[in-house]
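Structure assessment
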Amino acid sequence: MFSPLLTSIIDREGLKVVDETSLDERAEQTVLSMVFFPGDANRLSESNDVAVILPELVKAFDGNVTAFVVARKAERELQRRYRFNSFPSLVFLRKGDYLGTIQGVRDWADYLLEISEILTKDPTDPPPFKFPEGCGVAPPAQAH
């Protein structure tokens, strides 16, 4: 279930809610997709911040980027596919192929700069997961 704010934005803006299957179908037919992974708005205050910014980003790119919202039940599976660490996140695709991810909320100018850079990239595989500082595997013990 989405926050009441995100639900109202989805309704007002006519955003499509996608899961693993429908994202593949829609993204392959869309030149540039911006896929919003809101996460749990009850735990993540930034979720509603990005929800408010999402339609403004679509407008800032003159409607050349289509926004989709990932259904809560599909978030973890798609998170594994695109290999990002935190919610909320925006994943960018060109005809279904991965371009990049922005995690968390940004200042407006940073969004515009980062998204512009991401949209000019060639598609790649998503990067490997990055463990947060201090969460890595301990180095092997030294033999004495």
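Residues numbered from 1 in each chain as written. Predicted model: local features only at pLDDT ≥ 70, side-chain atom pairs only at ≥ 80, totals over all residues. Heavy atoms only, no water.

Focus on the sheet that holds strand β4 (residues 89-94)
- Spatial strand order, β1-β3-β2-β4-β5: 5 strands in an open sheet with mixed pairing. Bordering the open sheet on either side are β1 (16-18) and β5 (97-103), each of which pairs with just one other strand. In this sheet, adjacent strand axes meet at a mean angle of 30° when their direction is disregarded.
- Relative to β4, strand β2 (residues 32-37) is paired through 6 bridges, and the arrangement is antiparallel. (Pairing = 2+ DSSP bridges. Helix = DSSP H or I, 4+ residues; strand = E, 2+ residues; numbered from the N terminus. Axes fitted to C-alpha atoms, helices over the stretch in contact; angles between N-to-C directions.)

Considerations on the pairing of strand β3 (residues 66-70)
- The element β3 is largely enclosed, with a buried count of 4 among its 5 residues.
- Relative to β3, β1 is paired through 3 bridges, and the arrangement is parallel. Paired with Val17 across the strands is Val69, a residue of β3.
- Where β2 lies against β3, 4 bridges are found, and the strand directions are parallel. Note that in β3 the partner of Met34 across the bridge is Ala67. (Buried < 20%, exposed > 50% of the residue type's maximum accessible area, 1.4 Å probe, protein only.)

Thoughts on helix α2 (residues 20-28)
- Those residues of α2 that fall on the buried side of the exposure criterion are Ser22, Leu23 and Ala27. The arc that holds every buried residue of α2, seen down its axis, measures 120°, which confines them to one face.
- Buried positions along α2 lie against β1, β2, β3, α4 (75-82) and β4.
- The distance from a side-chain oxygen at the start of α2 to the backbone nitrogen of Thr21 is 3.1 Å, and the residue carrying that oxygen is Asp19. (Arc of directions from axis to C-beta. Contact = heavy atoms within 4.5 Å. Polar contact = N/O pair within 3.5 Å; in protein donor to acceptor, adjacent residues only side chain to side chain.)

A few points about the packing of helix α3 (residues 45-60) against helix α5 (residues 108-119)
- Relative to each other, α3 and α5 sit at 55°, their axes nearing to 12 Å. Regarding the angle of α3 to α5, the classification is oblique. Between α3 and α5 lies a crossing whose hand is right-handed. Seen from α3, the contacting residues are Val50, Ile53, Glu56, Leu57 and Ala60; seen from α5, they are Trp108, Tyr111, Leu112 and Ile115.
- Of the residues assigned to the contact of α3 with α5, the class counts are 8 nonpolar, no polar and 1 charged. (Parallel < 35°, antiparallel > 145°, perpendicular 65-115°, else oblique. Left-handed = near helix turned anticlockwise from the far one by under 90°. Nonpolar A, V, L, I, M, F, W, Y, C, P; charged D, E, K, R; others polar.)

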